[in-house]
Amino acid sequence: MPLKFELCPGRMIGGSHPCFIIAEIGQNHQGDIEIAKKMIKMAKDCGADCAKFQKSELEHKFNKLALERPYNTKQSWGKTYGDHKRHLEFSHEQYRELQKYAEEVGIFFTASGMDEMAVEFLQELNVPFFKVGSGDTNNFALLAKTAKKGRPMVVSSGMQSMETMRRVYKTVKEHNPNFCILQCTSAYPLDPENVNLRVISEYQKEFPDIPIGYSGHESGVSITLAAVALGAKVVERHVTLDKTWKGSDHEASLVPTELAELVRSIRLVEKSLGTGVKMMLPCEKACHDKLGKSVVARVHVPSGTVLTLDMLVVKVAEPRGVPPEDIFQLVGKAVLEELEADQSVTPDLVDGYGKRAKC
């Protein structure tokens, strides 16, 4: 049984607990805190469990030349990459404001810490769990430092190999037992042939004592539902209010109607998974009573006759007789009374079957 743990206060993941659904707002808020609040409310209204952002302390995430490089694309919010990122980055006070708003709305709030100082700020902010983005999954120094803080962790695995993920598992596990790994492919939008959902099953084999999840960047909701059917205990999808807005993530994001459909469908899939125990269910009784078949006499069988297989046939019959799966148990047994052709073979008519079985 996969490990279960409390990812957020009062919210367990793993085992038979419901899939935890993260609405990844990221930086799709356009640098506008009011839009960010609308997106938090949208995530709540659509049924997501958590609204997530991306926090960076830019001088700690990028070096000087990276921030100064020209950024003249249609997605740009400034002449340099640094100007672009500064436009999209909320201040500490704004993060506190967003966290308070999420609490008022009634949805969990967290962020990916994209560098050491961002992680320190999120620790101070008292987020329920740390998210490690794919870009930092092989940043083992940051990974260990984050794990040592003791908060639950959700670790994406885009751009990584299984060998690296084994190291990730060992690194985090040494300091923190409460974490999960998400299968992820880092392309925006993600083509179906590159999703590689079978990695979920491989992770379940490699890391059987932690929950496994899925972070998707594909279009639509079908693939994410398949991930849940495969056992994903946490799913993360980018969300937006408008796919045509400026920014490279919007095209790979879900609009409110899609997010609501994803949540509804995940809960439906979870109900459909059942217990794994195969048995006739109470809901099947009506069909069984109407169409369930029994053994009947193919021909006239005199009393005392020892039955052979060619004397028997299976039909929908009244009254209900011996079930079809027991037809071979009747062969070689004597009938206690005469059977007319097409008559149900009931248990009381065959010596040594059922209640009349001899010790």
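For the structure itself, consult the block above.
Conventions we followed
Residues numbered from 1 in each chain as written. Predicted model: local features only at pLDDT ≥ 70, side-chain atom pairs only at ≥ 80, totals over all residues. Heavy atoms only, no water. Buried < 20%, exposed > 50% of the residue type's maximum accessible area, 1.4 Å probe, protein only. Helix = DSSP H or I, 4+ residues; strand = E, 2+ residues; numbered from the N terminus. Pairing = 2+ DSSP bridges. Right-handed = clockwise from strand over helix to strand, strands pointing away. Axes fitted to C-alpha atoms, helices over the stretch in contact; angles between N-to-C directions. Parallel < 35°, antiparallel > 145°, perpendicular 65-115°, else oblique. Contact = heavy atoms within 4.5 Å. Nonpolar A, V, L, I, M, F, W, Y, C, P; charged D, E, K, R; others polar. Salt bridge = Lys/Arg side-chain N within 4 Å of Asp/Glu carboxyl O.

Draft legend 1. Highlighting the pairing of strand β9 (residues 212-216). Counting buried residues in β9 gives five out of five residues, a clear majority hidden from the surface. The alternating pattern of β9 places I212, Y214 and G216 on one face and G213 and S215 on the opposite face, and all of these are buried. Where strand β8 (residues 179-184) and β9 come together, four bridges link them in parallel fashion. Across the sheet, residue Q183 finds its bridge partner in β9, namely Y214. Each parallel crossover has a hand, and the one from β8 via helix α9 (residues 198-206) to β9 is right-handed. Both β9 and strand β10 (residues 234-238) contribute to a ladder of three bridges, which runs parallel. Residue pairing for β10: S215 is matched across the bridge by E236. In this fold, β9 hands off to helix α10 (residues 222-229), which returns the chain to β10; that crossover is right-handed.

Draft legend 2. Representation of the packing of helix α6 (residues 116-125) against helix α7 (residues 140-148) within the structure. Here α6 crosses α7 at 10°, and the two axes come no closer than 10 Å. Considering their axes alone, α6 and α7 lie roughly parallel with respect to each other. Contact with α6, carried on its side by E116, V119 and E120, involves L142, K145 and T146 of α7 and no other residues of that element. Each residue belonging to the contact of α6 with α7 can be placed in one class, and the counts come to two nonpolar, one polar and three charged.

Draft legend 3. Molecular detail of the pattern of salt bridges. Under the criterion given, the structure shown has 25 salt bridges. For the salt bridge of E236 with K131, the shortest nitrogen-to-oxygen distance reads 2.9 Å. Note that E236 is positioned in strand β10 and K131 in strand β6 (residues 130-132), a separation of 105 residues in sequence. Look at E236 and you get buried, because its relative accessible area is 3%. Here K131 falls in the buried class, since its relative accessible area comes to 4%. The closest approach of N and O atoms between D289 and K285, which form a salt bridge, is 2.7 Å. Taken as a pair, D289 and K285 lie in helix α12 (residues 285-291) at a separation of four residues, close to a single helical turn. Residues participating in the shared-partner salt-bridge network are R11, D49, R267 and E270.

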